[in-house]
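# Coordinate inspection notes
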Amino acid sequence: MSETPLRNNPVEHPASTPTRREVYEAGVRRRSNRIALISTVSVLLAIVVLVPLAPGWEAVQRAFFNGRVFAATFPGLLEAFFLNVMIFAWSAPLIAISGLAIALCRDTRAPALFPLRLFGIAYTDIFRGLPVVLVIYIVGFGIPGLGLPRPWNSPYIWGTLALVLVYSAYVAEVIRSGIDSIHQSQRSAAASLGLSDQDTMRFVVLPQAIRNVVPANMNLFIALQKDVALLSFIGPVEIFRQAGVYKSLYANFTPYVGAALIFLALTIPATRYADYLMNKQNRARS
Amino acid sequence: MKLISGTALALFFSTTSVLAAGDGTCAKGKTLTEGTLTIATGNPAYYPWVMNDAPESGEGFEAAVAYAIADKMGFSQDKVTWVRTSFDEAIQPGAKNFDINMQQYSITPEREEMVDFSLPYYTSAMAVLTTQNVVDSGAEATLDGLKALKWGAVATTTAIPMLSDVIQPSDAPLLYNDNADVNAAIMAGQIDAALYDLPTALYLSAVVVENGALLGQFPPGQSESPDQFGILMEDGKLLKECVDAAISELTESGELAAIEAQWLSKATGVPVIE
Amino acid sequence: MAKLSLRRVRKRFGEHEVCKGIDLDVAEGEMVCLIGASGSGKSTLLRCMNLLEPIDDGVIWLDGTDISEPGLDPQPVRQQIGIVFQSYNLFPHMTAAENVMLAPRRVRRLSREELRPRVAKLFSRFGLGDRMEHYPDQLSGGQQQRVAIIRALAMEPQIMLFDEITSALDPELVGEVLDVLRDLRKQGMTMVLATHEMGFARELADKICFLDAGRILEQGPPDVLFASPREPRTKAFLSRVL
């Protein structure tokens, strides 16, 4: 009899049998999983059963989720999406470089470089305040309108420049916040070793700052991937424009749904990855 | 095939219901507001289809045709109301705010799967809008000459299948939201030419595009599927037979041709592209 | 002649004057300990010595050269006077070895190949021979602080300043860092320490300076100052910490 309580003591069996706490927590976990499953299934069921009962469902389905139109247009959309990928691929590095340059302009402290600093401030204020579409129109139609010869008036060149102008303002701000986030003691340590201001920035501050802002910049680049579609306003037939063409040819909105699916296939993993990086960073900091 | 049988069917209905349409009872109970015909046009509506963006005046080709059709259907001038819609609003599912929608919609078999079109009220040639500079630099109105040009078009028009099927330019065409953007691209030298229906091309070259010119036209008879404008209606609405009857009547009596002669400039002098 | 001399050094942050006229001499090979309550100005004084903070008034001489002249380029001076901080301040994105080699590479233009044997020697001398390729967050506090000391030594300074370098450490790690200081002392390095380690100061220092509210209230050899302080405030402080 006297041995029973001893045997129940969890310390006696650390590895083989679960402790009382573990048994309890496993029970709680099972129960919450069950509730989550039931509520998810019932919401999905409600959507799947109730929405098609709506009187206009058949028309909506025909206009937005039309299998025939989807099959006919999806390959063309994929092909057009390649242009989005290309525009993104050459814009992103340019944005990263010019964003960094502008962030450094804003961070200059030497009085002789004050004009540079003023430029950095004005630049980020102006381009973060302007709608992207407006910049694309002004730069994409305006600059070539000054009389540039082909191929230098291409909407691809100037449309890309518009994206670079706007997005480097955002990237510059993010990088600057990263620079500000590096503790003064790091600069002190570098200075105490006799490093120059430029070397301190290049070897000590920037590498840490940029690492800190990778997740925030990931989000910006996901937004960029969507805004590449705005280049269609000045001519390039990327996926959004191609979907619009199909829409008007078929009098049907399904091509937009197809385009959305293609976008999501890219942006959802990218967003998840950015969140993962962000969480990892938050964990590392705490 | 579908288009032809559809047209044949429509013709059948129209001939049998001429009398019904003529006495103005065909549309009874089939309009949004009883006793009134609600007609949609674009926002804005463009010359020469509607003059001064004021369809109520009955001036401009489509405005005049609209009132003539309404009259045949038994709606007097004061029983017609106008609304504005975009193309997207015209094709969206659900209740519509118009009975008939008229803004140079080209009839295509794909579109007919989704919405109803009336019989055509106008058959358009496609024309090549460009600038005098391009013409002077030696652009030719031949298929080979056209292939070499840098092309643009408004993305929502049937000019696009025409471009890709007939002209097949060597560089992928650039597409735009509206006439204003096409004009901006021409001004910026980013495109040499744009493809439009002939009346719009004539208007743009004369009024909008600086130094504008027409390089040539593809007359409707020459094309395999000529660009025909129809009135758009909600799919399955019974109004189609009344509208078709009215249009057939106008066509047969020559009234339609007279309206066309009054509002659309003759395309004489625009070279034909072989 | 003293290696490092301070006369009437004043430093204020806004309204608050942290150093109110400091006079101090550090002789070649001497070890001077600054003691005193938190906020008495020890850290600021050290940061003034290697020009991390510009002084408002007074003079600092290094080997008879006025290094406190306004407008003077501080970088050559900082190469002469190394400093180690309470919170290590290692560069977290570099390995221990890269931390140590950065300044010699950039400032003295030495190549990694030239530096590596010397750096490796320093690491093994301070018991870190197998930690060169570790990142700071893979090292214990004591190890990080030793790397920070090696980093400062790699510039071969003539004077080393230590700003409460054991205060952030767990008690069991304090010893390994103090051993490094003993080692340096034996080598004859000129050192100024701000410290709370009274036993250590008593054992090794040549001179103890008691700072109170921005002034050096009392200074002298450890036996004298610890055994029979003259000032009542020194007495009060020592009775609290000993």
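Bear in mind the structure is a predicted one, so any value in this text is a computation, not a measurement. (Residues numbered from 1 in each chain as written. Chains lettered and ligands numbered in written order. Predicted model: local features only at pLDDT ≥ 70, side-chain atom pairs only at ≥ 80, totals over all residues. Heavy atoms only, no water.)

### Regarding the overall build of chain B
Selection rule: Comment: elements are numbered from the N terminus, with helices defined as DSSP H or I runs of at least four residues and strands as E runs of at least two. Any residue under 20% of the maximum accessible area for its type is buried, any over 50% is exposed, and the rest in between are partly exposed; the area is computed with a 1.4 Å probe on protein chains only. The contact definition used throughout considers only heavy atoms, calling two residues in contact when any of these lie within 4.5 Å. Computed by Shrake-Rupley with a 1.4 Å probe, the accessible areas treat only the displayed protein chains as cover when residues are assessed.
Each helix and strand in chain B was counted, giving 12 helices and 12 strands. In chain B, buried positions account for 52% of the 274 residues. The long-range share in chain B, meaning contacts at least 24 apart out of those at least 6 apart in sequence, stands at 74%. For chain B, the accessible surface area stands at approximately 11,500 Å², while carbon and sulfur atoms represent 53% of it.

### Section: the pattern of salt bridges
Applied cut-off: Put simply, a salt bridge is a Lys or Arg side-chain nitrogen that is within 4 Å of an Asp or Glu carboxyl oxygen.
The tally for this structure, following the rule as stated, stands at 35 salt bridges over all chains. Note that B:Asp171 and B:Lys150 form a salt bridge whose closest N and O atoms lie 3.9 Å from each other. With a gap of 21 residues between them, B:Asp171 in the loop between α8 (159-167) and β8 (174-176) and B:Lys150 in the loop between α7 (143-147) and β7 (151-154) connect regions that are remote in the sequence. C:Arg10 is the partner of C:Glu17 in a salt bridge, and the nearest nitrogen-oxygen pair spans 3.1 Å. Residue C:Arg10 is classed as partly exposed on the basis of its relative accessible area, which comes to 32%. Overlapping salt bridges, with partners in common, bring together A:Arg106, A:Arg128, A:Glu173 and A:Arg176 in one network.

### Re the state of the cysteines
To be explicit about the condition: Here, a disulfide means two cysteine sulfur atoms that sit within 2.5 Å of each other.
Tallied over the entire structure, the rule returns 1 disulfide over all chains. Covalently, B:Cys26 is tied to B:Cys242 through a disulfide, its sulfur atoms 1.9 Å apart. Judged by the sign of its S-S torsion, about -80°, the bond between B:Cys26 and B:Cys242 is left-handed. Taken together, the positions of B:Cys26 in the loop between α2 (18-22) and β1 (37-41) and B:Cys242 in helix α11 (residues 239-253) put the pair 216 residues apart, joining distant regions of the chain. Sulfur of C:Cys33: no disulfide; nearest cysteine sulfur belongs to C:Cys209 and is 8.9 Å away. What makes C:Cys33 buried here is its relative accessible area of 0%.

### Focus: the domain arrangement of chain B
By a widespread convention, an interface's size corresponds to the accessible area lost as its parts come together. Residues and elements named next belong to chain B. What counts is decided by this rule: For every domain, the bounds stem from an assignment made automatically or drawn from a database. The quantity reported as buried area is the accessible area (1.4 Å probe) lost by two parts once they are put together, taken as the sum for both. Between N or O atoms, a polar contact is any pair within 3.5 Å; within protein, one atom must be a potential hydrogen donor and the other a potential acceptor, and residues adjacent in sequence are included only when both atoms are from side chains. Each residue gets one of three labels, nonpolar for Ala, Val, Leu, Ile, Met, Phe, Trp, Tyr, Cys and Pro, charged for Asp, Glu, Lys and Arg, and polar for the others, Gly among them.
When cut into domains, chain B gives domain 1 (6-123 + 228-266) and domain 2 (126-222). Taken residue by residue, the interface counts 12 residues in domain 1 and 9 residues in domain 2. Across the domain 1 to domain 2 interface the summed buried area is about 880 Å²; carbon plus sulfur atoms make up 67%. Of all residues in domain 1, the largest losses of buried area upon contact with domain 2 belong to Tyr46, Tyr47 and Trp49, amounting jointly to 38% of the total for that side. Where domain 1 meets domain 2, there are 0 salt bridges. For the interface between domain 1 and domain 2, the tally reads 3 residue pairs in polar contact (both at pLDDT 80 or more). Taken together, the residues of the side of domain 1 that touches domain 2 sort by class into 7 nonpolar, 4 polar and 1 charged.

### Some remarks on the sheet that holds strand β9 (residues 207-212) of chain C
All names here are of chain C. Counted only if it meets this: Strands are labelled as partners when DSSP assigns at least two bridges between them. Between N-to-C directions, angles span 0 to 180 degrees; the directions come from axes that are lines fitted to C-alpha atoms, helices contributing only their stretch in contact.
Pairing is mixed across the open sheet formed by 6 strands, whose spatial order is β6-β7-β8-β3-β9-β10. Since the sheet does not close on itself, it has two edges, and those belong to β6 (81-84) and β10 (215-220), each with one partner. Taking each pair of neighbouring strands and ignoring which way they run, the sheet shows an average axis angle of 20°. With 4 bridges joining them, strand β3 (residues 31-35) and strand β8 (residues 190-194) adopt parallel strand pairing. Opposite Met31, over in β8, you have Met191 as the bridge partner. On top of the sheet, helix α1 (residues 42-49) reaches β3, β6, β7 (159-163), β8 and β9; it is set at about 150° to β7, its chief contact.

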